[in-house]
Amino acid sequence: MTENTVAAISTPKGEGAISVIRISGEDAIKIADKCFMPLGSKKLSDLSGYSAAYGKAVKGDGARIDEAVALVFRAPKSYTGEDVVEISVHGGAVSARECLKAVFEAGALPAGAGEFTKRAFLNGKIDLSEAESVMEIIGAKNEAALSLAECAREGKIGRDIEKITERLLYTAASLAAYSDFPDEDIEGLDEESFTSMLSECENKLVRLLSTFESGQAVLAGVPTAIVGKPNVGKSTLMNMLSREERSIVTEHAGTTRDIVETQVNVGTVTLILSDTAGIHDTDNEVEHIGVDRAVKKLKTSSLVLALFDMSRPLDAEDKKVIDLCKGKKCIAVLNKSDLPLKADVSAFRDFNTVTVSAKNSEGMDELSAKIEEICGAGSLTGSDTVLINERQYSCALRAQKAISEAKEALISGITLDAVTVLIDDAVNALSELSGKRASESVIDEVFKNFCIGK
Amino acid sequence: MIKTYDAGEYDVAVIGGGHAGVEAALAASRIGCKTVMFTISLDWVGNMPCNPSIGGTAKGHLVRELDALGGEMGRAADANTLQSRMLNRGKGPAVYSLRAQIDRRAYSGYMKNAVETQKGLDVKQAEIVSIERQDENWCLYTRLGAKFTAKCAVIATGTFLGGRVYIGEVNYESGPDGNFPATELAKSLKKLNLPLRRFKTGTPARVAKDSIDFSLLEVQEGDEKTEPFSYRTKNPIENKVVCHIGYTNDDTKKIILDNLHRSPLYSGVIEGVGPRYCPSIEDKVVRFADKKRHQMFVEPCGENTEEMYLQGMSSSLPEEVQIAFYRTMKGLENVKVMRNAYAIEYDCIDPTALLPSLEIKTQPGLYGAGQFNGSSGYEEAAAQGLIAGINAARKAQGQEPIILSRTGSYIGTLIDDLVTKGCMDPYRMMTSRSEYRLILRQDNADERLMPIGHQIGLIDEKTYEEMKKRTALKEEEIKRVKSVFLSPGEALNELLISKGTAPVNTGVNLADLIRRPQISYKDLAPFDKARPILDDTVCEKVEIEIKYEGYIERQLKQVDEMKRLESRKIPKDIDYNSISGLRIEAKEKLNKIRPDSIGRASQVSGVSPADISVLLVYLSSK
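### A short note on the overall build of chain B
Check the secondary structure of chain B and you find 20 helices and 22 strands. Computed over the C-alpha atoms, the radius of gyration of chain B is 26 Å, within 12% of the 25 Å expected from 2.2 N^0.38 for a compact globule of 622 residues. For chain B, the proportion of its 622 residues judged to be buried stands at 54%. Here the analysis covers contacts within chain B between residues at least 6 apart in sequence; of these, 72% occur between residues at least 24 apart.

Right under this line is the structure:
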């Protein structure tokens with residue numbers, strides 16, 4: 001159990017200067033080498049303990065995720081007492097999640113609740129007296145995870161996974177009956193329908209896997225920028241969104257930048273809201289920095305709320321904002337509906353629009369509905385469900401890989417016994433995902449569906 | 001209360017002379033324990049009250065494993081085989097399974113002789129009516145008042161314990177095949193507070209050979225090239241008989257359905273739980289109503305008997321209904337029933353009350369094996385009998401028990417399933433029950449288990465050395481094959497194309513070619529000039545281990561992981577209730593099963609991976 005290499009994001013969710021992905025276990029350095037490309041010639045595996053390397057975090061195909069610093073700790077001199085690599089990337093959920101995903105794909109398993117601490121304890125790195133509290137933590141998380149699994153089972157994800165599992169189970173059972181009861185006239189599956197069934201299951205899983213990121217956004221919050229030229233009512237909107245939902249979780253002013261961030265819940269969606277400096281041309285050096293940051297924020301956010309003053313004709317600065325928003329997930333918030341309309345509405349024909357009066361708090365319901373429509377779980381991929389955590393992601397990925405291998409094996413013409421072992425693996429991974437135990441399911445299915453007996 | 005007398009002291013006493021009892025008694029005495037085996041009838045030692053065959057899917061694996069550990073069943077089967085078939089050829093080496101039709105009376109005679117002539121083993125025809133603990137020993141009383149004292153005892157009572165036979169509206173106390181049942185022992189076991197329950201099984205009719213029109217049935221021949229079960233069998237196995245296949249039809253179905261109310265299963269008279277995999281024909285007709293026909297095999301019961309066994313046709317309908325529906329089938333129009341089909345209900349234990357050594361948790365020195373433990377099948381029984389016998393003997397000798405892992409054998413899987421997962425109906429072994437089936441093959445049972453058989457003293461030096469030699473030859477050959485490169489050529493490419501696989505343009509590694517599913521090790525002999533002459537069994541192993549290398553490695557990793565978990569022992573006196581962080585369900589399940597290792601704990605249903613984490617942390621803090 002503790003011999004696996006595990007990984008997780010070790011910094012708290014939300015905005016910070018950096019995020020740290022911690023990898024711990026026997027293969028930590030080997031895995032990190034696949035996800036971190038150093039600037040220098042030395043790979044992480046060439047480094048001694050307590051060393052740092054600068055470079056970039058990369059995906060399996062070598063694509064850059066973010067610039068990064070990697071710290072190498074060698075057992076037993078690390079927090080957990082095992083080989084540990086900590087990869088620091090820029091703050092914000094996206095880079096860290098991408099990086100973690102790459103780490104999973106390179107072979108690490110998701111760290112369970114309290115896992116690093118547990119390992120630290122098992123390896124004698126923390127005091128025995130802390131054992132009880134560690135167990136309490138794991139235990140509590142365990143209950144929470146179970147109730148989550150319970151919810152998921154009620155919900156769509158459970159049903160979707162169940163559907164895939166059922167098909168795999170039925171197939172596994174058919175093959176088991178075919179192999180275990182050769183004297184009965186049970187037909188083997190014909191290869192074609194078998195392959196197409198596997199493809200179908202695989203495709204469903206691939207689609208499900210692609211929802212992970214969106215799912216994370218729903219859970220961890222959608223990075224959202226409020227942009228616009230100066231004095232269009234950005235701060236008013238920000239305050240209103242915050243006030244309207246009395247569920248502010250955290251609020252902290254950026255200390256080194258002029259961006260204010262607030263986490264707000266809009267219906268089922270959590271927004272990590274950034275108020276930015278007004279975008280305009282300026283010669284003032286300090287202002288210029290603020291504008292640059294605002295533009296950068298706009299580009300890196302998942303959702304943009306672009307604010308426009310509709311009581312005046314649109315000017316060059318408004319048009320610049322419109323241009324910057326093209327291709328982004330964006331809602332054009334047409335403000336000052338309390339005043340006569342002077343702006344040309346047709347400029348927003350490519351955008352989702354909501355008309356509001358920030359001053360009079362009008363149109364806020366419409367805005368909320370629009371945000372939910374665009375970012376809510378239901379909108380993510382149509383009827384698809386969403387994987388909500390790394391554990392689910394890693395299980396689904398394991399299942400998908402096993403099915404893909406099973407398909408390959410089948411096509412190569414290898415005997416069915418090898419194929420069934422891979423299908424078993426997929427079923428086990430999916431059962432783990434939905435919190436069930438698979439061990440007896442195939443057998444039960446055999447007896448339910450096949451008339452067998454001596 | 002009848003007058004009792006002291007009949008002797010033993011190390012190990014075995015109650016029952018069926019497949020479990022025989023193996024237990026032979027193993028215990030061969031290990032050097034003074035042993036006594038009781039049977040209700042000496043004429044029925046090693047009897048096959050159901051199908052006259054041994055082996056089959058996963059069961060063939062069990063027999064090979066049993067043999068590698070020094071059990072008797074493989075040799076006995078080989079010596080009395082009527083027809084031999086390797087099932088599932090073409091479906092992959094993990095599921096190849098040897099199955100043999102057996103001369104039932106000859107087999108029983110062989111086993112009777114084996115126990116009679118075994119040094120250190122006394123065989124006694126007697127019904128044990130009570131068993132009780134006295135000081136450190138177990139006292140067994142026969143119906144006639146003989147008191148036997150033993151350090152350890154094995155219960156292998158099969159369907160005799162509280163046996164009751166059902167045929168239509170008729171039912172009566174009885175053992176299998178018209179034997180006396182063991183009626184008193186169950187009461188004595190209940191006094192020990194053992195969790196007993198009722199299971200049920202059934203058997204079809206035996207019919208007269210000359211009343212069957214074989215010309216209307218399909219013939220099933222044995223394999224041209226046969227293999228023995230036992231690594232110690234040197235004589236070739238000959239096919240002496242053929243089997244036949246027939247089918248039920250709409251008329252059969254109609255008669256069964258019309259008389260369903262007369263079946264004790266459907267009228268609710270039987271309370272015992274029957275096996276799911278071995279349904280009676282009335283069960284099949286009801287549960288699989290849309291199936292047009294059901295298959296029936298006609299198997300001879302022996303060379304010198306007219307009795308034929310109708311596999312697939314077990315029933316507890318009244319005798320006249322049985323005769324009527326058998327006669328609806330093609331080829332059986334005039335069939336004469338010699339022994340009727342019947343269902344039999346019996347007492348057995350909830351196997352979660354057992355330790356992995358098969359010792360009953362609450363009763364030190366008392367072991368269970370076979371149907372008593374909730375399993376079904378001769379092979380499952382024999383496998384447990386061997387382990388129970390070995391461990392009873394080792395306990396009597398003051399040694400630690402032998403516990404087989406589910407990562408290393410089907411026998412280990414069988415026992416682990418029974419004692420950690422329990423069973424709700426009679427348990428039958430299946431290849432799909434083993435998650436490590438690409439490793440636990442019937443072809444390598446010798447490599448896997450002979451070292452253990454040798455270590456406990458049941459495998460002789462010569463047999464052990466032969467295995468080591470075979471293994472060395474195999475490994476050498478695999479190494480050689482991996483180092484040989486074939487140059488491309490017309491003849492080679494002709495072969496590759498004819499087998500439906502791509503030709504080669506450059507030199508190619510021999511092992512890589514063998515990995516192609518379409519190509520066999522033998523196919524390449526003409527191109528492999530330096531190939532040594534090897535036994536067929538060695539060649540087979542070489543081919544399997546090269547062809548499936550990737551899959552085998554994958555499974556070996558899983559095995560290593562499981563072994564690590566198994567090596568983390570849980571202290572016997574652990575108090576689960578005091579462990580904070582464990583969920584209540586996990587506490588309850590762990591308290592009931594009391595697994596001996598983290599690996600086993602992870603198999604218990606209702607215990608989550610997080611619970612295992614909590615346990616690990618707890619154990620490390622102790």
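### Quick notes on the overall build of chain A
When its secondary structure is counted, chain A shows 14 helices and 14 strands. Relative to its full complement of 454 residues, chain A shows a buried share of 48%.

### Some thoughts on the confidence of the model for chain A
All names here are of chain A. Put simply, chain A has an average pLDDT of 76, and 73% of its residues get 70 or more. Taking the mean pLDDT of every element in chain A, the minimum, 37, falls on strand β9 (residues 251–253) and the maximum, 94, on helix α1 (residues 28–35). Confidence drops under a pLDDT of 50 for residues 244–258, and excluding neighbours within four residues, the segment shows 23 contacts in the predicted structure. Confidence drops under a pLDDT of 50 for residues 377–384, and excluding neighbours within four residues, the segment shows 14 contacts in the predicted structure.

### Quick word on the confidence of the model for chain B
Mean pLDDT for chain B: 93, with 99% of residues reaching 70 or above. Interface predicted TM-score (ipTM) for the complex: 0.82; the corresponding pTM is 0.76.

### Overview of the sheet that holds strand β1 (residues 6–9) of chain A
Residue and element names in this part refer to chain A. The strand order across the open sheet built from seven strands is β3-β4-β5-β6-β2-β1-β7, with neighbouring strands paired in mixed fashion. Every other strand in the sheet has two partners, leaving β3 (36–38) and β7 (109–110) as the edge strands with one partner each. Relative to strand β2 (residues 18–24), β1 runs antiparallel, the two sharing four bridges. Bridge pairing in β2 places alanine 8 opposite arginine 22. Against the sheet, α1 makes contact with β2, β3, β4 (51–58), β5 (64–73) and β6 (84–90), and its axis sits at roughly 30 degrees relative to β6, the strand it touches most.

### Comments concerning the domain arrangement of chain B
As far as domains go, chain B holds domain 1 (206–345), domain 2 (475–552) and domain 3 (571–621). The C-alpha-based centres of domain 1 of chain B and domain 2 of chain B are spaced at 44 Å.

### What to know about the environment of Lys292(B)
Residues and elements named next belong to chain B. In this structure, lysine 292 sits in the loop between α8 (281–287) and β16 (295–300). Residue classification places lysine 292 among the exposed positions, given that 9 C-beta atoms sit within 10 Å. Remark: the alpha-carbon pair of lysine 292 and lysine 253, spanning 39 residues in sequence, is separated by 9.1 Å.

### Description of the packing of helix α2 (residues 59–68) of chain B against helix α12 (residues 445–455) of chain B
All names here are of chain B. For the pair α2 and α12, the least separation of the axes is 7 Å and the interaxial angle reads 35 degrees. Of the two elements, α2 crosses α12, and the hand of that crossing is right-handed. On α12, the residues that touch His61, Arg64, Glu65 and Ala68 of α2 are Ala445, Asp446, Arg448, Leu449, Met450 and Gly453. Taken together, the residues of the contact of α2 with α12 sort by class into four nonpolar, two polar and four charged.

### What about helix α4 (residues 104–117) of chain B?
With 14 residues, α4(B) ought to run about 20 Å at 1.5 Å a step, and its terminal C-alpha atoms sit 20 Å apart, in line with that. Burial in α4(B) covers these residues: Arg104(B), Tyr107(B), Ser108(B), Tyr110(B), Met111(B), Lys112(B) and Val115(B).

### Some remarks on unusual backbone geometry
Pro76(A) follows Ala75(A) through a cis peptide bond whose omega is 0 degrees. Along the polypeptide, Pro76(A) turns up in the loop between β5 and β6. For Asp177(B), which is not glycine, the phi torsion reads 55 degrees and is therefore positive. Using a count of 17 C-beta atoms within 10 Å as the deciding quantity, one classes Asp177(B) as partly exposed. A positive phi is found at Arg594(B), a non-glycine position, where the angle reads about 45 degrees. Relative to the helices and strands, Arg594(B) is located in the loop between α18 (584–593) and α19 (598–601).

### Details of the pairing of strand β19 (residues 342–349) of chain B
Residue and element names in this part refer to chain B. For β19, a buried count of eight out of eight residues is recorded, marking the element as mostly surrounded by other parts of the structure. Residues Tyr342, Ile344, Tyr346 and Cys348 of β19 are buried on one face, and the alternating residues Ala343, Glu345, Asp347 and Ile349, pointing to the opposite face, are buried as well. Where strand β10 (residues 164–167) lies against β19, three bridges are found, and the strand directions are antiparallel. When the bridges of β19 are listed, valine 165 appears paired with isoleucine 344.

### A short note on the packing of helix α1 (residues 19–31) of chain B against α4(B)
Residue and element names in this part refer to chain B. Between α1 and α4, whose axes approach to 10 Å, the crossing angle comes to 30 degrees. Judged by the angle between their axes, α1 and α4 are roughly parallel. In the crossing of α1 with α4, the sense of the turn from one axis to the other is left-handed. Together, Val22, Ala25 and Leu26 of α1 and Met111, Ala114 and Val115 of α4 make up the contact between the two elements. Taken together, the residues that form the contact of α1 with α4 break down as six nonpolar, no polar and no charged.

### Structural notes on α1(A)
Three or more residues of α1(A) are buried, namely Ala28(A), Ile29(A), Ile31(A), Ala32(A) and Cys35(A). Relative to the axis of α1(A), the buried residues are bounded by an arc of 160 degrees and lie together on one face.

### Section: the sheet that holds strand β11 (residues 170–173) of chain B
Residues and elements named next belong to chain B. Read across the open sheet, the four strands follow the order β11-β10-β19-β12; overall the sheet is antiparallel. Of all the strands in the sheet, the pair left with one neighbour each is β11 and β12 (196–203). Neighbour-to-neighbour, the strand axes of the sheet open up by a mean angle of 25 degrees, direction not taken into account.

### Things to note about the nonpolar core
Ranked by size, the top nonpolar core spans 219 residues in total, and within it Val103(A), Val12(B) and Val154(B) carry the most contacts. The residues contacting Val103(A), other than those within four sequence positions of it, are Ala7(A), Ile21(A), Ile23(A), Ile31(A), Cys35(A) and Ala108(A). By size, the runner-up hydrophobic cluster in this structure holds 40 residues, among which are Val232(A), Leu237(A), Leu367(A) and Ile371(A).

### Thoughts on the environment of Ala381(B)
Residue and element names in this part refer to chain B. Within the fold, alanine 381 resides in helix α10 (residues 378–396). Here alanine 381 falls in the buried class, since 28 other C-beta atoms lie within 10 Å of it. Placed 223 residues apart in sequence, alanine 381 and glycine 158 show a C-alpha to C-alpha distance of 8.6 Å. When sequence neighbours within four positions are dropped, the list of residues in contact with alanine 381 reads Gly18, His19, Ala20, Ala369, Gly370, Gln371 and Ser375.

### What to know about the pairing of β10(B)
The side chains of a regular strand alternate between both faces of the sheet. By the alternation rule, side chains of β10(B) split into Arg164(B) and Tyr166(B) and Val165(B) and Ile167(B), which are all buried. Connecting β10(B) to the next strand, β11(B), in antiparallel fashion are two residues, including Gly168(B) with a positive phi near 55 degrees.

### Description of the environment of Ala208(B)
All names here are of chain B. Mapped onto the secondary structure, alanine 208 falls in strand β13 (residues 206–208). The class for alanine 208 is partly exposed, based on 15 C-beta atoms found within 10 Å. For the pair formed by alanine 208 and isoleucine 270, sequence separation is 62 residues and the distance between their alpha carbons is 29 Å.

Rules used throughout
- Residues numbered from 1 in each chain as written.
- Chains lettered and ligands numbered in written order.
- Predicted model: local features only at pLDDT ≥ 70, side-chain atom pairs only at ≥ 80, totals over all residues.
- Helix = DSSP H or I, 4+ residues; strand = E, 2+ residues; numbered from the N terminus.
- Rg over C-alpha atoms; globule rule 2.2 N^0.38 Å.
- Buried ≥ 20, exposed ≤ 12 C-beta atoms within 10 Å, placed from the backbone.
- Contact = placed C-beta atoms within 7 Å.
- pLDDT = per-residue confidence, 0-100.
- Pairing = 2+ DSSP bridges.
- Axes fitted to C-alpha atoms, helices over the stretch in contact; angles between N-to-C directions.
- Domains from an automatic or database assignment.
- Left-handed = near helix turned anticlockwise from the far one by under 90°.
- Nonpolar A, V, L, I, M, F, W, Y, C, P; charged D, E, K, R; others polar.
- Expected span 1.5 Å × (residues − 1).
- Parallel < 35°, antiparallel > 145°, perpendicular 65-115°, else oblique.
- Arc of directions from axis to C-beta.
- Core = buried A, V, L, I, M, F, W, Y, C linked by C-beta atoms within 7 Å.

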